[in-house]
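Here is what each chain is made of, one letter per residue.
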Amino acid sequence: MSTAAESPENGASVTTGTSGTTAESNTTTTTTTTTNTTTTRAEASAAPNTTKGADGCGEIDMDKYDLLKEGTTTILFPKNHVFYNPVQQYNRDLSSLAIRTFGKRLSAERTLKRSRKGEKATDDRPFMHLLEALSASGLRAIRYSKEVPLLEKVVANDLSKDAVRSIQLNIDYNGAKNVVAHHSNAITHMATHGDEYHIIDLDPYGTVAPFVDSALNAVKNGGLLLITCTDLGVLAGNGYPEKCYSLYGGVNVWGDATHESALRLVLGLVARSGGKYGIAIEPLLSLSIDFYVRVFVRVWRKPVKVKELMSANTLVAKCSGCHSSVMQRMGKMESLDNGGKSRTKYGLAKVEQEFTAQCVHCGFSNHICGPMWGGKLHNKEFVEEMLQELEQTSGGKEGDVEYGTIERMRGMLTMAHQEIEAPLYFNVSTLSSVLKIPVPTMEEVVSALGNGGYDVSLTHAAPSCIKTNAPWRFIWQIGRALAQRSGLDSSRLSTGTAGYRILNGAEDVRDVKDDKDIQEVQDIDFTENAVTKRP
């Protein structure tokens with residue numbers, strides 16, 4: 001069970017014995033200002049350094065605390081009993097922006113719904129209820145209360161009594177009157193408060209798996225779940241497939257796209273858990289960041305949408321030799337015209353032609369990964385709204401928010417907005433590693449894909465990697481053309497390698513092609529095109 005001591009990402013723990021943190025050079029670090037005094041012990045006894053909380057409730061002995069300011073909030077930390085993770089400021093900044101954006105969207109939807117019923121439109125008064133299930137110091141909850149105007153009530157919950165006392169102290173110090181410090185087991189609280197919160201933030205240390213079912217119970221229809229998982233050794237590693245399956249109901253895709261597969265495993269867990277209760281999910285934003293993943297998921301109590309879950313889940317065949325991958329949907333959906341009325345037919349999916357025991361390109365064994373979420377990772381309209389909100393509220397005007405990591409937020413949101421929807425990415429160096437050729441430039445590979453009629457984008461999850469809707473048989477045609485350009489003598493490669501088999505063919509390799517994708521090596525065009533010049 002997660003406690004304050006197990007939740008360093010949430011800000012600070014008031015207990016000792018917390019684990020260390022991962023440093024991140026690109027993250028803005030907030031400097032802690034210590035309020036040490038220079039008076040003697042006798043003078044301090046005579047004239048203590050005290051202050052009153054922002055709402056005037058009681059005096060606070062400031063000699064017992066360190067001060068830390070982040071965004072709009074200043075937090076008191078007991079001296080020598082604190083763990084603050086500055087790397088997670090980016091997580092908190094991004095979450096504050098996402099909730100602020102979601103609040104505006106939800107308010108507009110409420111207004112539209114009432115106007116259609118002929119009722120009076122809603123005003124701008126706060127109405128949203130938010131739960132931070134694992135709050136620790138209360139930093140995140142208090143920031144939300146100050147930075148999101150439409151929040152009526154924020155519940156900052158923690159299992160540790162010491163943490164709850166710290167939360168209450170910081171509520172008083174900041175005058176955050178709409179924040180309530182709450183002492184409870186997070187799972188029990190969410191399980192017994194059904195349909196209560198518009199927004200639930202789950203930021204545990206490690207996996208979110210134990211909290212998902214109760215969170216789905218507590219969130220309102222159309223509400224927002226913010227989920228963090230820090231156990232990337234399991235989610236994005238190769239050493240614990242059995243642990244990954246037991247927690248997330250699927251096995252990760254090793255190799256280049258492992259961080260995207262981590263996102264898809266978390267989304268798959270939430271989607272399948274929700275399906276049991278007639279709940280469908282809509283990912284608004286899914287990001288792989290530093291040592292964790294963060295997903296922003298809207299949930300809908302729409303049993304008819306749950307029928308789409310089977311076709312949204314996918315298996316992946318990952319080649320152990322050339323690292324190519326093939327997606328296999330678990331189900332299919334067909335839109336049918338029934339006397340002028342459209343309806344959707346659901347059924348079993350046919351096995352993909354390349355979803356085989358041996359890779360059709362090099363003959364090496366395929367490994368099965370998943371099942372995982374195969375649908376969209378982002379809602380592009382929501383991401384665009386976040387970018388607009390970022391520019392509108394960070395200009396230094398009164399009422400604006402001071403985001404310490406604004407440049408990184410702008411960059412990652414822009415990258416997510418530009419990503420194409422094709423699942424899984426690959427590193428261009430994979431082509432050179434398998435074929436034993438010089439590493440091609442990103443521009444060369446992108447140009448060849450664009451000239452072949454396929455879409456391409458970069459990915460936020462890894463540098464020097466490409467997302468494309470091109471099949472791997474075309475990607476290996478590009479590899480053959482690159483090998484030819486480099487003057488590689490493929491006969492000098494070991495006959496048992498994946499590279500030799502791709503370049504020369506082998507009796508046990510069944511290279512699958514259809515009329516659309518047949519492409520001779522000499523037809524691969526590396527000249528620049530519109531896709532290459534895309535920002």
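Report follows, based on the coordinates. (Residues numbered from 1 in each chain as written. Predicted model: local features only at pLDDT ≥ 70, side-chain atom pairs only at ≥ 80, totals over all residues. Heavy atoms only, no water.)

1. With respect to the overall build of the protein chain
(1) Moving on: Each helix and strand counted, the protein chain has 17 helices and 20 strands in total.
(2) Moving on: Taking all 535 residues of the protein chain together, 54% fall into the buried category.
(3) Moving on: Within the protein chain, residue pairs in contact and separated by at least 24 positions form 70% of the contacts whose partners lie at least 6 positions apart.
(4) Moving on: As displayed, the protein chain offers around 23,500 Å² of accessible surface, 50% of which is attributable to carbon and sulfur atoms. (Helix = DSSP H or I, 4+ residues; strand = E, 2+ residues; numbered from the N terminus. Buried < 20%, exposed > 50% of the residue type's maximum accessible area, 1.4 Å probe, protein only. Contact = heavy atoms within 4.5 Å. Areas by Shrake-Rupley, 256 points an atom, 1.4 Å probe, with all protein chains shown as cover.)

2. Looking at a nonpolar patch on the surface
(1) Moving on: A contiguous nonpolar surface patch, about 260 Å² in accessible area, is contributed by Val304, Met333 and Tyr346.
(2) Moving on: Within the element layout of this structure, Tyr346 appears in strand β16 (residues 341-348). (Patch = residues over 30% accessible without salt bridge, like charges linked within 9 Å, V, L, I, M, F, W, Y side chains within 5 Å. Salt bridge = Lys/Arg side-chain N within 4 Å of Asp/Glu carboxyl O.)

3. With respect to the packing of aromatic side chains
(1) Moving on: Here the structure, examined in full by the defined rule, presents four aromatic pairs.
(2) Moving on: A centroid spacing of 5.2 Å and a plane angle of 70° characterise the contact between Phe291 and Tyr292, whose relative ring orientation is edge-to-face. Each member of the pair, Phe291 as well as Tyr292, carries the same accessibility label: buried.
(3) Moving on: Residue placement shows Arg110 over the ring face of Phe127; its charged tip is 3.8 Å from the ring centre. (Phe/Tyr/Trp six-rings, centres within 6.5 Å; stacked < 30°, edge-to-face > 60°. Lys NZ or Arg CZ within 6 Å of the ring centre and 35° of its normal.)

4. Points about the environment of Arg125
(1) Moving on: With respect to the element layout, Arg125 can be found in the loop between α2 (89-116) and β6 (128-132).
(2) Moving on: Exposure remark for Arg125: the relative accessible area of 61% places this residue in the exposed category.
(3) Moving on: Separated by 26 residues in the primary sequence, Arg125 and Leu151 have C-alpha atoms spaced 8.8 Å apart.

5. Focus: the sheet that holds strand β10 (residues 219-229)
(1) Moving on: Strand order in the open sheet formed by seven strands is β8-β7-β6-β9-β10-β12-β11, and the pairing between neighbours is mixed. Where the open sheet ends on each side, the last strands, each with one partner, are β8 (179-183) and β11 (280-289). Taking the axes of each pair of neighbouring strands and ignoring which way they run, one obtains an average angle of 15° across the sheet.
(2) Moving on: Relative to β8, strand β7 (residues 151-158) is paired through five bridges, and the arrangement is parallel. (Pairing = 2+ DSSP bridges. Axes fitted to C-alpha atoms, helices over the stretch in contact; angles between N-to-C directions.)

6. Observations concerning the packing of helix α12 (residues 380-393) against helix α13 (residues 406-418)
(1) Moving on: Between α12 and α13, the shortest axis-to-axis distance is 9 Å and the interhelical angle comes to 155°. As judged from the angle between their axes, α12 and α13 are roughly antiparallel. Our pair here, α12 against α13, has a crossing hand that is left-handed. Only Ile406, Met409, Arg410, Leu413, Thr414, Ala416, His417 and Gln418 of α13 make contact with α12, whose side of the interface consists of Lys380, Val383, Glu384, Met386, Leu387, Leu390 and Glu391. (Parallel < 35°, antiparallel > 145°, perpendicular 65-115°, else oblique. Left-handed = near helix turned anticlockwise from the far one by under 90°.)

7. Here we look at empty space enclosed by the protein
(1) Moving on: Throughout the structure, instances matching the rule amount to two cavities of 30 Å³ or more.
(2) Moving on: Considered as a void within the structure, the largest cavity measures approximately 80 Å³ in volume.
(3) Moving on: Split into classes, the residues belonging to the lining of the largest cavity amount to three nonpolar, two polar and six charged.
(4) Moving on: Each of domain 1 (50-184 + 378-423) and domain 2 (207-377) gives at least three residues to the lining of the largest cavity.
(5) Moving on: Approximately 50 Å³ is the volume found for the second largest cavity.
(6) Moving on: Along its surface, the second largest cavity is lined by Ala317, Cys319, Ser324, Ser325, Val326, Glu354, Cys359, Val360, His361 and Asn366. (1 Å grid on protein atoms, 1.4 Å probe; cavity = no way out; pocket = protein on both sides within 12 Å on 5 of 7 lines; lining within 4 Å. Points joined across faces, edges and corners; volume = space filled by probe spheres on them. Nonpolar A, V, L, I, M, F, W, Y, C, P; charged D, E, K, R; others polar. Domains from an automatic or database assignment.)

8. Description of the pairing of strand β13 (residues 313-319)
(1) Moving on: Counting buried residues in β13 gives six out of seven residues, a clear majority hidden from the surface.
(2) Moving on: The pairing of β13 with strand β17 (residues 366-373) spans six bridges and is antiparallel. From the neighbouring strand, Val316 faces β17, where its bridge partner is Cys369.
(3) Moving on: As defined by bridge partners, β13 adjoins strand β14 (residues 325-329) across five bridges and the pair is classed as antiparallel. Looking across to β14, one finds that Lys318 is bridged to Ser325.
(4) Moving on: Here β13 folds back onto β14, and the loop between the two strands holds five residues, one of which, His323, carries a positive phi near 70°.

9. So, the pattern of salt bridges
(1) Moving on: Per the counting criterion, the structure on display carries 25 salt bridges.
(2) Moving on: Among the salt bridges present, the one from Glu132 reaches Arg140, with a minimum N-O distance of 3.8 Å. Here Glu132 and Arg140 have matching classes, each one buried.
(3) Moving on: Glu260 is the partner of Lys467 in a salt bridge, and the nearest nitrogen-oxygen pair spans 3.0 Å. Taken together, the positions of Lys467 in strand β20 (residues 465-468) and Glu260 in helix α9 (residues 258-275) put the pair 207 residues apart, joining distant regions of the chain.
(4) Moving on: Under the relative-accessibility criterion, Glu260 is labelled buried at 2%.
(5) Moving on: Taken together, the shared-partner salt bridges connect Glu70, Arg92, Asp93, Arg143 and Glu147 into one network.

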